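Fold and geometry: a report
So you can see what is in the structure, the chains are spelled out below.
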Amino acid sequence: MTATNANGLTSTDAWKSLSDHFEQIKDKHLRQWFAEDADRAKTFTVDAIGLTLDYSKNRINAETVQQLTRLAESAQLKQHIEAMFKGEKINVTERRAVLHTALRAPREAKIEFEGENIVPGVHEVLDKMSGFCSRVTDGRWKGHTGKPIRNVVNIGIGGSDLGPVMAYEALRHYSNRNLTLRYVSNVDGTDFFEATRDLDPAETLFIVSSKTFTTLETMTNARSARSWLLSGLGDDESAVAKHFVAVSTNAEKVKEFGIDTDNMFVFWDWVGGRYSMDAAIGLSTMLAIGPKHFRELLDGFHEMDQHFRTAPFDQNLPVIMGLLTVWYANFFGASTVAVLPYDQYLKRFPAYLQQLTMESNGKSTTLAGTRVDYDTSPIFWGEPGTNGQHSFYQLIHQGTHLIPCDFIAFVNSLNPRGSHQDYLVANVIAQGEALAMGKTQQQVKDEGTEAELIPHRVFEGNRPSNTLLIDRLTPAVLGKLIALYEHSVFVQGVIWQIDSFDQWGVELGKVLAQQIIPELQSTDSPLNHDSSTNQLIQRYRELKSS
């Protein structure tokens, strides 16, 4: 798709009409909405591909949905969706296609990129991953001393870490408990030390995930892993090939490190790092849950992809959630979104979404290269329930910020125990009701509350939320949830006229760090930064040498 006119969004008829509509309904309370419409919940609920989305507790009416849909149509969202699925180079600043949807396409699918069907290549890598995982888990893959692998350590950062960590935690119920999985991402030496301190090098396999095999944090940790391994195995260099595999595109660097390139798993430039966990970057996930469950995960991704591509906007889960994010960010001034999964296995899901959402849409420049005149990505954050209720929910209920919430709940627990699940789901439903309806001053007074305490116990309500209700957490459901947010992010980016698939904002700090590293290691090299930076470097030198 071509870039839209600079700063054209707020001057469009669709935006102006939506702004007028906002002025008409902005002060109406959710208590009124529900009192006036007995069918409200039914009207604003979508059941699709095994997920139920109740978005009735949002500050909207039927006209709002129509207006948001018109906004999407005016932004040519349908055409942008097709452009993505067809492999057009919609990542305009890097001149790349955005084809993460091809990673989960079925074997018989045909997706052409630059004249070639890329699906066979995707499945070739998946088959190679499956074969490797089978050899490791059934004991055919032996370490340098002949012992089987019992520990797997994934070394990566960003998209090479957050997705695999989240998926491992989310699907631990389905994992091989004979394997110990660890993840190292931080260049802080403590991360590597704690991940390996109790492991036997003879039984440990490292997966080094880096597209270029030059990423500072990843390769620093990989070199430490290499030293740790060799120290424990008699400094025999041949041991590296038995205890390291690579996920990369740089065969020369992989070979130079000592890894057999037959044990290198490739991925492609048309997949961004934060969208790559369902390809070779997910090797640790496949090792943990097995090829069968991994393919179920991919099937879930694909099912959501097809829903996103084909469902009408008013029944389209990612479109609805993406447009609601725009509604609150740009009209209500909501600067954050809380994602609150009521399942302990999803404890890392909000952290994963932080990269997906904020690295994608944390932009201030339009596709046309001019500065936006509206807010883009809100801050995504959250913790699993019910823990968060005893932490930050105070702010959500009675604070001064409007914080839209996404509640994610499951009818059936993977670990049923007495009434635990009933108590858990009761809290999800109660929190949504409390946020929406609140508690009036009269209600508090009628409870016999002392006069001076009444203001402190009033809940104003009118605080929006979505509730996703699902049968149980399976690999396929996890795929659907991830793809739901991937596509919601895409919808937001299309509306905001930004490139959701580049990440130039992470570059400057990394470049400056490379300049500062030798200055920290030197005692007298000249410093040419600002006075604060120079002072910090000098102070570090002094403390290090004292």
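To start, this report covers the structure provided alongside it. None of these values were measured; they are calculated from a predicted model.

**Some details on the pairing of strand 12 (residues 405–410)**
The buried fraction of strand 12 amounts to six of the six residues, a majority that puts the element mostly inside the structure. The side-chain alternation of strand 12 yields two buried faces, one formed by C405, F407 and A409 and the other by D406, I408 and F410. The pairing of strand 10 (residues 336–341) with strand 12 spans four bridges and is parallel. Within strand 12, the position partnered with L340 by the bridge is F407. Where strand 12 lies against strand 13 (residues 465–470), six bridges are found, and the strand directions are parallel. Each residue of the ladder has a partner; that of F410, found in strand 13, is I470.

**What about empty space enclosed by the protein?**
In this structure the tally under the stated criterion is two cavities of 30 Å³ or more. In this structure, the largest cavity encloses a volume near 130 Å³. Residue assignment for the lining of the largest cavity shows that the elements contributing at least two residues are helix 13 (317–331), strand 12, strand 13 and helix 18 (475–496). Looking at which element gives the most residues to the lining of the largest cavity, the answer is helix 13, with four residues. Along the lines of polarity and charge, the residues of the lining of the largest cavity split into eight nonpolar, six polar and one charged. Estimates place the volume of the second largest cavity at around 90 Å³. Around the second largest cavity, the lining residues are Y55, I60, V65, L68, T69, F313, D314, V319, I320, L323 and L324. Listed by contribution, the elements that provide at least two residues to the lining of the second largest cavity are helix 4 (62–74) and helix 13. Among the residues making up the lining of the second largest cavity, the classes are represented as nine nonpolar, one polar and one charged.

**Focus: helix 9 (residues 216–232)**
In this model helix 9 runs 24 Å from its N-terminal to its C-terminal C-alpha over 17 residues, within 8% of the 24 Å that 1.5 Å per residue would give. Positioned one or two residues after helix 9, G234 has a phi angle of 75 degrees, which is positive.

**Brief notes about the packing of helix 13 against helix 18**
Direction vectors running N to C along helix 13 and helix 18 enclose 50 degrees, while the axes themselves pass 8 Å from each other. Looking at the two axes, helix 13 sits oblique to helix 18. By crossing handedness, the relation of helix 13 to helix 18 is classed as right-handed. In this structure, helix 13 uses L317, P318, V319, M321, G322, L323, T325, V326, A329 and N330 to contact helix 18, whose residues at the interface are L484, Y485, H487, S488, V491, Q492, I495 and W496.

**Things to note about the pattern of salt bridges**
Scanning the model with the defined rule gives 28 salt bridges in all. Across the pair E36 and K28 runs a salt bridge, and its minimum N-O distance is 2.7 Å. Across the pair K211 and D269 runs a salt bridge, and its minimum N-O distance is 3.7 Å. A residue pair is termed long-range when its members are at least 10 positions apart, and K211 in the loop between strand 7 (204–209) and helix 9 and D269 in the loop between strand 9 (264–265) and helix 12 (283–310) qualify at 58 residues. One continuous salt-bridge network, built from bridges that share partners, spans R104, D278, D305 and E486.

**Points about the side chain of D502**
Locating D502 in the fold gives a position in the loop between helix 18 and helix 19 (507–521). According to the relative accessible area criterion, D502 is buried, its value standing at 4%. Within the local environment of D502, its side chain forms a polar contact with the side chain of K363, the two groups lying 2.7 Å apart. In terms of polar contacts, D502 uses its side chain to reach the side chain of W504, at 3.4 Å.

**Examining the sheet that holds strand 6 (residues 180–184)**
One open sheet accounts for five strands, arranged 6-5-7-8-9; its pairing is parallel. Unpaired on one side and paired on the other, strand 6 and strand 9 mark the two borders of the sheet. Against the sheet, helix 12 engages strand 5 (151–155), strand 6, strand 7, strand 8 (244–247) and strand 9, with an angle of about 140 degrees to strand 7.

**A word on the environment of L512**
As for its position among the elements, L512 is in helix 19. Expressed as a C-alpha distance, the spacing of L512 and T366, which sit 146 residues apart in the sequence, is 26 Å.

Reading the values: rules and limits
- Residues numbered from 1 in each chain as written.
- Predicted model: local features only at pLDDT ≥ 70, side-chain atom pairs only at ≥ 80, totals over all residues.
- Heavy atoms only, no water.
- Buried < 20%, exposed > 50% of the residue type's maximum accessible area, 1.4 Å probe, protein only.
- Helix = DSSP H or I, 4+ residues; strand = E, 2+ residues; numbered from the N terminus.
- Pairing = 2+ DSSP bridges.
- 1 Å grid on protein atoms, 1.4 Å probe; cavity = no way out; pocket = protein on both sides within 12 Å on 5 of 7 lines; lining within 4 Å.
- Points joined across faces, edges and corners; volume = space filled by probe spheres on them.
- Nonpolar A, V, L, I, M, F, W, Y, C, P; charged D, E, K, R; others polar.
- Expected span 1.5 Å × (residues − 1).
- Axes fitted to C-alpha atoms, helices over the stretch in contact; angles between N-to-C directions.
- Parallel < 35°, antiparallel > 145°, perpendicular 65-115°, else oblique.
- Left-handed = near helix turned anticlockwise from the far one by under 90°.
- Contact = heavy atoms within 4.5 Å.
- Salt bridge = Lys/Arg side-chain N within 4 Å of Asp/Glu carboxyl O.
- Polar contact = N/O pair within 3.5 Å; in protein donor to acceptor, adjacent residues only side chain to side chain.

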